[in-house]
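# Working through the structure, step by step
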Amino acid sequence: MNPRDAGPYLELGKSCRNQGRWAEADAALHKALELDPDNGWIRLELGTLYLDQDRFSEAAAEFDKAIAIDQSNGWAHCQLGRIYHRQGQWPEAESSLRKALELDPKNGGARMELGALYEEQGRFSEAAAEFGKAIALDRNNSWAYRQLGRIYRKQGRWFEVEAALRKAWEFDPCDDGACMELGALYEGQRRFLEATAEFAKAIAVDPSHPGAHLSLGHSHLRLGRWAEAAVEFKRVIALDPRNDGAYIGLWAIYRGQGRSAEAEAALAKAVEIAPKSVFAGTELLESLERDKAVGASGCSGLVRMGAASVPGIPNNVTAEPTRERVFCLLPWTHLHIRTDGLARPCCMWDGPPMGNAHSSSIDELWNSSDMKALRLDMMSGRPAAGCRRCYEIERSGFWSMRRRKTIDLERHCGRERLTAPDGTLPLLPVPFLDIRFSNVCNLRCRICDPLQSSAWMADARALGLPAEGGPIFKPYGDWDSFWRQLQPLLEEGLEEIIFAGGEPLIMEEHYRILDFLIARKIWDVRLTYNTNFSTLRFQGRDVIDLWSRFHDVRVIASLDGSGRRGEYLRKGLNWEAVVANRKEMLRRCPDVAFSIFATISLFNALHLPDLHREWVEKGYINRDAFGLNVLVSPAMYRMQVLPAALKERVLESYRRHQESFLDAGGRA
């Protein structure tokens, strides 16, 4: 090696860095700098060495020096963007990465980093575009295919997810991550046999992968293969003795087999490792219950657990409901789009989305392959896994949305006959619209989440909960384009539009729609609101003035308790303002239908009768204008988790309310 030539020292530094020999790499690169201090590529390599060690400040300093030496050094801009990204400085990261691509549009690393940045911000369409460009630069880029699959999964583009992940595996058979993503996709679609095959592939690549063994164990469990599941959970524990999920899996198996002592020991160990494991156990039992309810193929082992092993499920419930038990008119009459753009048959749906309004037109969502398949299942009397919430509510003795809407929309039964053999249905008219135009909200209700309340995002992140993107979510990327698609639905055959969110009374989109309907004298559309009832005004506009133009307005207030109780449950609520709003409504618009729809959970199960009695006796509502929404999720707040003694107290409080108030007539 020529002692005066920096080149060999640079190459030595690169080689040592690639081998993880960081001290030797550092020494070689500093020697190269001594010989050639104005060499930007040496600065770039030294900065990359520091970046590999998470020494961000030192790395950034070296990249800045490389750029000062040569402004056209695209890789230095790219690496600087990586640092900003890791530090959460998103605007600076985007600026640096865009500069790198401006200098070299074929910089695949910058494309991948920019795609990851967009994904983290919830800008999924832009992320997909960048990963697609990275693939165009290198058709064998398995990592780009895997990332693209992740994006498609978040967008609900299920067929494209599978294709992208299979490409990732094709180009890199050692990519256990692609197998894990595919397995998770199949598990979410209840394709458990295919899921087990993918998780087994991941294990073949890396036998010491605890996550792969855990996932394989769960898939075996969902198929009723208890022995195989137990083997996998025990392997997880051998690899990671602090894995509470493996103990929860063993607990479910032992519980189903009647091995009470072993079940209690496994659960105790899980809770010792992670106190919140008990909630994970509740979620797992919920999944097993759903498998029985929908008659999942290969679940014979689960049936042996017996319905009584899952709390709240009567023994006389059949695994295969008849057509009357599963049929619902909503897939023929209703369009529901969430705040993040994901489309579902209704707001109660608990299965994969039917598409995403960010990437599909409303017409495409209405006749997506999954929506068409759901219609055919309904017509054939086959239960849908995504409908399990309504099935569960009905088994608990309450009226579900399925039952309510089947009666409310009975006049549209004839629409079933318009269904083509493949499940296709003409788009217009859609009688019932439920598009959540935003998650903008002024409250942080304890049972809520960031998708439904922008105010929840900070708390979600503080709690370590999934909180990608936000805090504001909207179901569209471009309002003008979305509005053009929406207008025909508002003008032709619309009977009811639900405004929810978020808090609809503080959404600009809500007022634009009312203005549109009023301008076209479409006054016979029913306006239904799910509101926290905290305000009746927004940006100088008085919603009661607007309601006066319509023939049928229904306000459903989400109130879960009175006074300080209500303020506790719906954080940020001012109870005095709620009462004042109700009095104003009674004075100015007494004909607007008003009711309370309370969510019953372990928080308020004991005192909900007090709220009902108070508002009826004060004349704020009629006795019958009070409904219950049975909380299903988060599972840890469900009434089923109450101890037996408290459950009995709840039952007794409702018996007293029935006898002393409801049967006595209350105040009608």
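Here is a short report on the structure shown in this document. (Residues numbered from 1 in each chain as written. Predicted model: local features only at pLDDT ≥ 70, side-chain atom pairs only at ≥ 80, totals over all residues. Heavy atoms only, no water.)

Moving on to the pattern of salt bridges. Side chains bearing opposite charge may pair, as long as their charged atoms lie close to each other. With the rule as written, the count across this model stands at 55 salt bridges. Arg17 serves as the salt-bridge partner of Glu45, at 2.5 Å between the closest nitrogen and oxygen. Taken together, the residues Glu45 in helix H3 (residues 40-52) and Arg17 in helix H1 (residues 6-18) connect sequence positions 28 residues apart. There is no split in this pair, since Glu45 and Arg17 are both buried. (Salt bridge = Lys/Arg side-chain N within 4 Å of Asp/Glu carboxyl O. Helix = DSSP H or I, 4+ residues; strand = E, 2+ residues; numbered from the N terminus. Buried < 20%, exposed > 50% of the residue type's maximum accessible area, 1.4 Å probe, protein only.)

What follows concerns the packing of helix H14 (residues 226-239) against helix H15 (residues 244-256). Two elements in contact, H14 and H15, have axes separated by 9 Å at closest approach and are oriented at 150°. Relative to H15, the element H14 lies roughly antiparallel. Judged by the twist between their axes, the crossing of H14 over H15 is left-handed. Contacts between H14 and H15 involve Trp226, Ala229, Ala230, Phe233, Lys234, Val236 and Ile237 from the first element and Ala246, Tyr247, Gly249, Leu250, Ile253, Tyr254 and Gly256 from the second. Class assignment for the residues of the contact of H14 with H15 results in 11 nonpolar, 2 polar and 1 charged. (Axes fitted to C-alpha atoms, helices over the stretch in contact; angles between N-to-C directions. Parallel < 35°, antiparallel > 145°, perpendicular 65-115°, else oblique. Left-handed = near helix turned anticlockwise from the far one by under 90°. Contact = heavy atoms within 4.5 Å. Nonpolar A, V, L, I, M, F, W, Y, C, P; charged D, E, K, R; others polar.)

The next thing to look at is the packing of aromatic side chains. Going through the model one piece at a time under the given rule, you end up with 17 aromatic pairs. For the pair Phe327 and Trp332, a centre-to-centre distance of 5.3 Å together with 35° between the ring planes defines the contact as tilted. Judged by its relative accessible area of 8%, Phe327 is buried. Here Tyr511 and Phe538 contribute two aromatic rings whose centre-to-centre distance is 5.6 Å and whose plane-to-plane angle is 15°, an arrangement assigned as stacked. With Tyr511 in helix H27 (residues 508-519) and Phe538 in strand S7 (residues 537-538), this pair connects stretches of sequence that are 27 residues apart. For Tyr511, a relative accessible area of 3% puts it in the buried group. Cluster of aromatic residues (ring-pair linked, three or more members): Phe437, Tyr476, Trp479, Phe482, Trp483 and Phe516. Here Arg375 stacks its cationic end above the ring of Trp366, 5.0 Å away from the centre of that ring. (Phe/Tyr/Trp six-rings, centres within 6.5 Å; stacked < 30°, edge-to-face > 60°. Lys NZ or Arg CZ within 6 Å of the ring centre and 35° of its normal.)

Either a parallel or an antiparallel arrangement is found when strands of a sheet pair, and the pairing is made through backbone hydrogen bonds. An order of S2-S1-S3-S5-S6-S9-S11-S12 is seen for the 8 strands of this open sheet, with the pairing classed as mixed. Looking along the sheet, the strands with just one partner apiece sit at the ends: strand S2 (343-344) and strand S12 (626-630). Sheet analysis places strand S11 (residues 593-600) next to S12, joined by 5 bridges and oriented parallel. In the sheet register, Thr599 faces S12, and the bridge partner there is Asn629. Here helix H26 (residues 479-491) sits on the sheet in contact with strand S1 (334-337), strand S3 (432-435) and strand S5 (496-499), set at roughly 155° to S3. (Pairing = 2+ DSSP bridges.)

Before going further, it helps to spend a moment on the packing of helix H2 (residues 22-35) against H3. Contact geometry of H2 with H3 gives a least axis separation of 10 Å together with a crossing angle of 160°. With respect to H3, the element H2 is oriented roughly antiparallel. Crossing of H2 over H3 shows left-handed handedness. Of the residues in H3, those touching H2 at Trp22, Ala25, Asp26, Leu29, His30, Ala32 and Leu33 are Ile42, Arg43, Glu45, Leu46, Leu49, Tyr50 and Asp52. Each residue belonging to the contact of H2 with H3 can be placed in one class, and the counts come to 9 nonpolar, 1 polar and 4 charged.

Following Gly501, the chain continues to Gly502 via a peptide bond in cis, the omega torsion being 10°. Residue placement: Gly502 occurs in the loop between S5 and H27. Phi is positive for Asp54, close to 60°, though the residue is something other than glycine. With respect to the helices, strands and loops of the structure, Asp54 is situated in the loop between H3 and helix H4 (56-69). Of note, Phe533 is a non-glycine position whose phi angle comes to about 60°, a positive value. Relative to the elements of secondary structure, Phe533 occurs in the loop between strand S6 (526-531) and S7.

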